[in-house]
Amino acid sequence: MSTDTATPDAESDPVGYFLDDITYHGKSDRTRASYERVLRDFESYLADGHQPLPVREASHRDCMAYVHSLRGDVEESTVATYASYLHRFFAYMTQVGAFESNPMTLVMEEMDESINTDPTRREIDLQSMRAFVDSVSHPQERAIIVTLLKTGMRAGELCNLDIRDLNLETPGPRPEIPVRAGLDGRPDSLFVASDPTRGEASNGEERTASNKRKRETTIPVDAELASVLRRWLAIRPDTQSPAAPLFVSTSDSWGERVTPNMVHHIVESHAREFGWYTDGGGAEENVTPHYFRHFFTTHLRDRTGDRGVVKYLRGDVAQDVIDTYTHEWGTRVRDVYEAEIYSLL
């Protein structure tokens, strides 16, 4: 552990290392104290367990158990804040290479899976979201943001999309790659698979993110989304990947599949310019890719009143549940979606 004269290092005292770094980044003493209180409490929780663990070895189940232990003692909004602090800590330590992965990513996804509106989240009306989208001029960045907003998919699921997963009735300048068999006869659709897994090959390429759907999902593509996707495809760089990813980098990693970190950076940079993202802000304040999933869920649910369709589009409904509906389920989803999806452009 660190002493009064030694600087904490990431190996022996990762919490101290993180606290020093956020101080160097200009965080206030109050912010540092808040992080320290939560992170040291988590550290103690792991140390006092049946099998004591160092923080760097915490799994997503350890993190979930800690978050669950808070319930009943503090308000749900405080539980969410504590979880966001842990998430930020693990994300940072992973980014600097001190930890191998962020176990809080899955925890945060699960915490946000509730179909109900989270009253602690920033509320953005449709007119303001339209202004935000209008402020994004780069074809790739606009296509990424509109895809997230129009489909409710996760950042990792967007990263895993290949050219074959998009079937546009008017395709525009897309590469000559056949669409998936599952999209035959389904023009203006996106296919989101359930199987891509981080670190494993899918369609001939090792993936940097996992899809977390209970089932494969075919999501309708409306005229607005089709338009921004065609504009992106017109300038999409060539790529060496045999999988032919739909979204590829146009910056440092030219032509390579975008990663969740790239998507987060794109959304964060535009949200920051719009006043929707501040350093140290939690999920209740900052607009991130996952906020767009929340926006999609609440706005489409309120418009349709159909929880089943919204849960299907989010990928939250298992195959056996879908099978209880009629064989016209796919048509029903498209009809409801096209009638109720909000306009952004």
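Residues numbered from 1 in each chain as written. Predicted model: local features only at pLDDT ≥ 70, side-chain atom pairs only at ≥ 80, totals over all residues. Heavy atoms only, no water.

J.: What is the right way to read the domain arrangement of the protein chain from this model?
T.: You'll often see interface size given as the accessible area lost when the parts meet. By the assigned domains, the protein chain splits into domain 1 (14-116) and domain 2 (126-340). Each of domain 1 and domain 2 has a C-alpha centre, and the two are 28 Å apart. Between domain 1 and domain 2, the contact holds 13 residues from the first and 17 residues from the second. Summed over both sides, the interface between domain 1 and domain 2 buries roughly 1,200 Å², with carbon and sulfur atoms accounting for 46% of that surface. The interface formed by domain 1 and domain 2 holds 0 salt bridges in total. Counting the contacts that link domain 1 with domain 2 gives 0 residue pairs in polar contact (both at pLDDT 80 or more). Mapped by element, the contributors of at least two residues to the side of domain 1 that touches domain 2 are helix H4 (76-95) and helix H5 (104-111). In terms of residue class, the side of domain 1 that touches domain 2 is built from 3 nonpolar, 4 polar and 6 charged. (Domains from an automatic or database assignment. Contact = heavy atoms within 4.5 Å. Buried area = accessible area lost by both parts, 1.4 Å probe. Salt bridge = Lys/Arg side-chain N within 4 Å of Asp/Glu carboxyl O. Polar contact = N/O pair within 3.5 Å; in protein donor to acceptor, adjacent residues only side chain to side chain. Helix = DSSP H or I, 4+ residues; strand = E, 2+ residues; numbered from the N terminus. Nonpolar A, V, L, I, M, F, W, Y, C, P; charged D, E, K, R; others polar.)

J.: Explanation requested: the side chain of Arg154 in the structure shown.
T.: Assignment of secondary structure puts Arg154 in the loop between helix H7 (139-151) and helix H8 (155-159). Residue classification places Arg154 among the buried residues on the basis of a relative accessible area of 6%. Within the structure, Arg154 has its side chain in polar contact with the side chain of Glu157 (distance 2.7 Å). (Buried < 20%, exposed > 50% of the residue type's maximum accessible area, 1.4 Å probe, protein only.)

J.: Just checking my understanding: could you explain the nonpolar core for this structure?
T.: The nonpolar side chains of soluble globular proteins are, as a tendency, buried together. In terms of nonpolar packing, the biggest core is built from 56 residues, with Met129, Ile145, Phe247, Phe292 and Leu313 touching the most fellow members. What Leu313 contacts, discounting residues up to four positions off in sequence, is Thr151, Arg213, Thr217, Ile219, Pro220, Phe296, Leu300, Val333 and Tyr337. The next biggest cluster of nonpolar side chains, apart from the first, holds 30 residues, and it includes Leu46, Val67, Phe90 and Phe99. (Core = buried A, V, L, I, M, F, W, Y, C linked by side-chain atoms within 4.5 Å.)

J.: It is not clear to me how the layout of surface pockets should be interpreted in this structure. Could you clarify?
T.: Where empty space is left in the structure can be found by rolling a water-sized probe over the atoms. Size it by volume and the largest pocket reaches roughly 1,800 Å³. In terms of lining, the largest pocket is formed by 49 residues, of which the most central are His87, Ala91, Asn102, Asn261 and His264. For the lining of the largest pocket, the secondary-structure elements that each account for two or more residues are helix H1 (14-24), H4, H5, H8, helix H10 (260-273) and helix H11 (289-304). Looking at the lining of the largest pocket, the element that brings in the most residues is H4, giving 8 residues. The residue makeup of the lining of the largest pocket, split by class, is 16 nonpolar, 21 polar and 12 charged. Shared between two domains, the lining of the largest pocket takes at least three residues from each, and those domains are domain 1 (14-116) and domain 2 (126-340). (1 Å grid on protein atoms, 1.4 Å probe; cavity = no way out; pocket = protein on both sides within 12 Å on 5 of 7 lines; lining within 4 Å. Points joined across faces, edges and corners; volume = space filled by probe spheres on them.)

J.: What am I meant to see in the sheet that holds strand E1 (residues 166-167) here?
T.: Sheet strands pair by backbone hydrogen bonding; their relative direction is either parallel or antiparallel. Spatial strand order, E1-E2-E5: 3 strands in an open sheet with antiparallel pairing. The open sheet has two edge strands with one neighbour each: E1 and strand E5 (217-220). Alignment of strand E2 (residues 189-192) against E5, held across 4 bridges, turns out to be antiparallel. Within the sheet, the bridge partner assigned to Ser189 lies in E5 and is Pro220. (Pairing = 2+ DSSP bridges.)

J.: Explain helix H3 (residues 60-70) to me, please; I cannot follow it from the model alone.
T.: Because an α-helix packs 3.6 residues into every turn, residues spaced three or four apart end up facing the same way. Among the residues of H3, those classed as buried are Cys63, Tyr66, Val67 and Leu70. Along H3, the residues classed as buried sweep out an arc of 95° about the axis, all on the same side. Facing away from the buried side of H3, by more than 90 degrees, are the exposed residues Arg61 and His68. If you follow the buried residues of H3, they end up packed against helix H2 (29-47), H4 and H5. (Arc of directions from axis to C-beta.)

J.: Can you help me understand the pairing of E2 in this one?
T.: Residue alternation in E2 divides its side chains into two sets, Ser189 and Phe191 and Leu190 and Val192, and both sets are buried. As defined by bridge partners, E1 adjoins E2 across 2 bridges and the pair is classed as antiparallel. Residue pairing for E2: Leu166 is matched across the bridge by Leu190.

J.: I'm lost on the pattern of salt bridges in this one. Help?
T.: Here the idea is simple: oppositely charged side chains can pair when their charged atoms come close. The full count for this structure, using the stated rule, is 16 salt bridges. The partner of Arg207 in a salt bridge is Asp162, and the shortest N-O contact between them spans 2.9 Å. Pair noted here: Arg207 is in the loop between strand E4 (205-206) and E5 and Asp162 is in the loop between H8 and E1, with a separation of 45 residues, a long-range link. Taken as a pair, Arg207 and Asp162 share a single burial class, namely buried. The partner of Arg257 in a salt bridge is Glu205, with the nearest N and O atoms 2.7 Å apart. Of this pair, Arg257 sits in the loop between helix H9 (223-233) and H10 while Glu205 sits in strand E4, placing them 52 residues apart in sequence. In this structure, Arg257 and Glu205 share a single accessibility class: buried.

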